[in-house]
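Coordinate inspection notes
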Amino acid sequence: MEWCFECPDGAVTVRQEGDRAICQAIRSARGDGLYKAWLKGGKSRFLLGTLIPDGGALRLRRIVPVIQLKNLELWPPAGAEITMAFPFGEPSPPPGFQWEDHPERRMGDPLLAQSAKELGRVLIRKEENGFSLAVRFQPGTPFPLTPLFCLSCLEQISGTWYLRFDFSRRGYPELPHSSWPAGETMGEIHEKEENPWPT
């Protein structure tokens, strides 16, 4: 059997060969960023990998055991998507922050490290007793670092909404701090009178 899922400027195809799923993705190469392909099903998704330049386009090919996708409740596949992990020529991070391409390396818990692998590039800021990660808030997309849903804090940094997560020096989650530089954030959700969620 074979499934084909069209995406903006590309497509993801999945073909079953015995107990294997042959997954392929293709997208036009515009040189505007790094792209990743995902399989989707229900409330979960599975990272296929990063598309690389090949023959004038961006391509990816991966073989995944069907049993693995069944265990993730992603078989048969219900959908797929190709998303930009981060754009090329990205501006400098806001004052006080740095880019972190591998946030999973900073996690002290194996479950969080696995979840953090899907984040891609995030903002990081050193704190007095640890560090904070800021992940861009994108309505309609899966919540980042799902295990820490209740410990997230919505902040506006340099005009852009981010979900902030605070950690100890050893990479273990902590309750949200409230002492970020004035002018860089809009404060924590429970301290705001207006609704910060975009409409």
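None of the values given here were measured: they were computed from a predicted structure.

Regarding the overall build of the protein
Within the protein, the secondary structure is distributed over 2 helices and 14 strands. Out of the 199 residues in the protein, the part that is buried amounts to 42%. Across the protein, the fraction of contacts at a sequence separation of at least 24, relative to all contacts at a separation of at least 6, is 57%.

Considering the pattern of salt bridges
Counted according to the given criterion, the structure contains 9 salt bridges. The shortest N-O distance in the salt bridge between E81 and R45 comes to 2.6 Å. A residue pair is termed long-range when its members are at least 10 positions apart, and E81 in strand β8 (residues 79-87) and R45 in strand β5 (residues 44-50) qualify at 36 residues. Note that E127 and R125 form a salt bridge whose closest N and O atoms lie 3.5 Å from each other. Judged by relative accessible area, which is 16%, R125 ranks as buried.

Observations regarding the state of the cysteines
Put plainly, two cysteines are in a disulfide when a covalent bond ties their sulfur atoms together. Under the criterion given, the structure shown has 0 disulfides. C4 takes part in no disulfide bond, and the closest cysteine sulfur, belonging to C7, lies 8.5 Å away. Residue class for C4 comes out exposed when judged on its relative accessible area of 52%.

Reading the values: the criteria
Residues numbered from 1 in each chain as written. Predicted model: local features only at pLDDT ≥ 70, side-chain atom pairs only at ≥ 80, totals over all residues. Heavy atoms only, no water. Helix = DSSP H or I, 4+ residues; strand = E, 2+ residues; numbered from the N terminus. Buried < 20%, exposed > 50% of the residue type's maximum accessible area, 1.4 Å probe, protein only. Contact = heavy atoms within 4.5 Å. Salt bridge = Lys/Arg side-chain N within 4 Å of Asp/Glu carboxyl O. Disulfide = S-S within 2.5 Å.

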